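Observations on chain architecture
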Amino acid sequence: MEKMPNMNYDADEVINEFKEKIKWPKSDEVQVVVKPDKLPIRILLSLLITVIAGGALYYMMLPALNIHDYNLFVYVITLIIVFIAAFSFVCRANKKIERKEYVKKKSVVPIAIIIVIALIMAVGYVVGITLFRASSYSNLMTIEESDFETDFADISYDEVPRLDASTAHTLADQQLGSLSEYKSQYVVSNTSTQINVNNSPVRVAYLEYAGFFKWVNNTKNGLPAYMYIDLVSQKVKAVNCMDEFGSGIKYSPSELFNEKLIRHIRFQYPTYLLDTPNFEINDDGYPYWITPVLDKTIGLFGGTDVKGAIKTDALTGESEYFTIDEVRDNKSLSWIDVVYSESLILEQYNYHGRLQNGFWNSIFFQNDVNIASNGSGNIAMDDDVWVYTGVTSDESDTSNFGFVLCNQRTKEARYYKNAGAMEDSARQSAMDAVQNYGYSATFPILLGIDGTPTYFMSLCANGNTIKGYAFVNLEDKTIVGTGLLDTAKSDANALNNALEGYIDALEAKGDVVNKDDVMIDETQIAGSDDETEPDVNAPKPEKKVQSVTGEVSAIKTSVNDGNTVYYLQIDGKYYYIKVTDCMEVLLINKGDTVTVEFEKSDDTFVPALSVKVK
């Protein structure tokens, strides 16, 4: 009988012995570090991979070749990491432990370089923090005290913006939606720029492609137009660049690849620190991009300021750099309005208000510490655009003890010692006065009514439609005057009604105001839609009514201010009518033959007087 094998053994011992035979050796157990063969070729291949990856990364990151750009340091560190990873891969360090140890030993120098770069970044950041450089930060903005009554004497309430950025965008979007040649391919950018054009406050907004495939379909010709919104008359128009200037806007933030604006400018100025470009037009309506060029004046990354601006032709892409002194002094550049962004202005003012008496005072004692209030607006003065914000204490407060104006072209800053309600508090007072309507108020603009500091606001419905105006006293927010379009029947009357109610409220509090010196002839109010007072007894002009009969090829609907509107396409034109004006429109189907009555119109969208099914 064959002898049975000895089965007396420990299973765990056998398993551990097996693991010892197949396990990956530790680095301190490797007896030989083998240099890979063909090492020069492997290094060149690693460098090639790094160059390709670096080019792609630069194309996406677009760091400035400037020691003050934080992204440049991140870019260099990333390139070193890519080289180490590429060298490890081409040496097949993941397959052979002896080559892995070789790569680790050779990676000491690149890792040391990364550590040095990180230390430079840390030191550069630390030497520029407010703890050590409070005085330098507080002096970034120079502020001079000014007189409210003198500076605001020439600003009339009928010439100030009645639309803020949100309401202006809504009007522009509605206007674009009525233009059939644009609405399916483009949308209005959420970013607009408030500027002065021939001494009038306006906002301009560029268009964006409505999607990737819309970009593919239209990028060859560029964006065809931009939106022009008059902030006083509230009129909006699409300026067709193809018709006006012979070309579309070829360079914009909505483009891809080399035509993308910031990439185009970066390739032209690789060493400049670029801020966000602003879309502007000159007094002839020609579109440009104005890109502020930044400087870091404290440490490596602190003390952001503007040292110049790049003017880029939106159609051709040609650019020219101007120093900040040239922008301020060169009269041919006076049409440029926005070089200092609102965010930078508010940041610099807050540094000044918090740190003017030192860092530790801003933390503990807080003597004379103040900051910008929650929110800011724009006002036109001296043919420039100024940022307006109230000034309040660093602690939670409900009132301002002054306010600041800062010029967005020159950074001239003025402080006014006019205390009163904060902007949000004034907005709430205006909304309380019309609470039964549920209107909201735009961010207030500060004006002088007979020398009295007064907030001016527009009242808006849910759809950002202007429904009226309000005046609220700066010192006493209970002094309010409102005027509504629904009752006044015209923009001009509503504006004057608000002013008259405000003056009456002032007089009720004991402040005497001569209405003759303040009230303005309604026929002279900018944006007035009442040239003369209508004669109710005069015979009404006979309407020149036309009609068209045809087959309805398409039906579309929309809701405007709570009213459902039907759009019937007949022979290429859309005839639209409210359901409340013609209930029969609810019964119409595509393919029906209808007769539409309308007044003479050459527009694609024609308001209908009546619609009847044949």
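The structure displayed is predicted, hence computed values, not measured ones.

1. Brief notes about the packing of helix H2 (residues 39–61) against helix H12 (residues 261–268)
- Taken N-terminus to C-terminus, the directions of H2 and H12 make an angle of 115°; their axes are 9 Å apart at the nearest point. Judged by residue contacts, Tyr58, Tyr59 and Met60 of H2 engage Arg263, Arg266 and Phe267 from H12.
- The residue inventory of the contact of H2 with H12, partitioned by class, reads 4 nonpolar, no polar and 2 charged.

2. Some points on the sheet that holds strand E5 (residues 236–240)
- In spatial order, the strands read E2-E3-E4-E5; together these 4 strands make up an open sheet with antiparallel pairing. Since the sheet does not close on itself, it has two edges, and those belong to strand E2 (186–197) and E5, each with one partner. Put simply, the sheet's adjacent strands are angled 25° from each other on average, direction ignored.
- For strand E3 (residues 200–209) and strand E4 (residues 225–230), the ladder comprises 5 bridges, and the chain directions are antiparallel.

3. Looking at a nonpolar patch on the surface
- Where nonpolar side chains cluster on the molecular surface, the patch consists of Tyr125, Val126, Leu131, Phe132, Trp360, Ile363, Phe364 and Phe365 and spans about 910 Å² of accessible area.
- Contributing elements (two or more residues each) for the nonpolar patch: helix H5 (108–126), helix H6 (130–138) and helix H15 (359–365).
- Among the elements that take part in the nonpolar patch, H15 stands out by supplying 4 residues, more than any other.

4. As for the layout of surface pockets
- Each pocket or cavity is described by its volume, and for the second largest pocket that value is around 400 Å³.
- The dominant element in the lining of the second largest pocket, judged by the number of residues it contributes, is E2, at 4 residues.
- A per-class count over the lining of the second largest pocket returns 6 nonpolar, 10 polar and 3 charged.

5. Notes on the pairing of strand E19 (residues 445–449)
- Of all the 5 residues making up E19, 5 are buried; the element is thus mostly covered by neighbouring parts of the structure.
- By the alternation rule, side chains of E19 split into Ile445, Leu447 and Ile449 and Leu446 and Gly448, which are all buried.
- Sheet topology note: the E19/strand E20 (residues 452–460) ladder contains 5 bridges and is antiparallel. Bridge pairing in E20 links isoleucine 445 to phenylalanine 456.

6. So, empty space enclosed by the protein
- Taken as a whole and judged by the stated rule, the model has 2 cavities of 30 Å³ or more.
- Volume-wise, the largest cavity comes out at about 40 Å³.
- If you go around the largest cavity, the residues you meet are Ala165, Ala168, His169, Ala172, Val188, Ser189, Asn190, Ser192, Arg203, Ala205 and Ile229.
- Contributing elements (two or more residues each) for the lining of the largest cavity: helix H8 (165–177), E2 and E3.
- Classifying every residue of the lining of the largest cavity gives 6 nonpolar, 4 polar and 1 charged.
- Each pocket or cavity is described by its volume, and for the second largest cavity that value is around 40 Å³.
- Taken together, Ile345, Leu346, Tyr349, Val387, Thr389, Val404 and Cys406 form the lining of the second largest cavity.
- Of all the secondary structure elements, the ones that give two or more residues to the lining of the second largest cavity are helix H14 (342–355), strand E13 (384–393) and strand E15 (402–407).

Rules used in this analysis
Residues numbered from 1 in each chain as written. Predicted model: local features only at pLDDT ≥ 70, side-chain atom pairs only at ≥ 80, totals over all residues. Heavy atoms only, no water. Axes fitted to C-alpha atoms, helices over the stretch in contact; angles between N-to-C directions. Helix = DSSP H or I, 4+ residues; strand = E, 2+ residues; numbered from the N terminus. Contact = heavy atoms within 4.5 Å. Nonpolar A, V, L, I, M, F, W, Y, C, P; charged D, E, K, R; others polar. Pairing = 2+ DSSP bridges. Patch = residues over 30% accessible without salt bridge, like charges linked within 9 Å, V, L, I, M, F, W, Y side chains within 5 Å. Areas by Shrake-Rupley, 256 points an atom, 1.4 Å probe, with all protein chains shown as cover. Salt bridge = Lys/Arg side-chain N within 4 Å of Asp/Glu carboxyl O. 1 Å grid on protein atoms, 1.4 Å probe; cavity = no way out; pocket = protein on both sides within 12 Å on 5 of 7 lines; lining within 4 Å. Points joined across faces, edges and corners; volume = space filled by probe spheres on them. Buried < 20%, exposed > 50% of the residue type's maximum accessible area, 1.4 Å probe, protein only.

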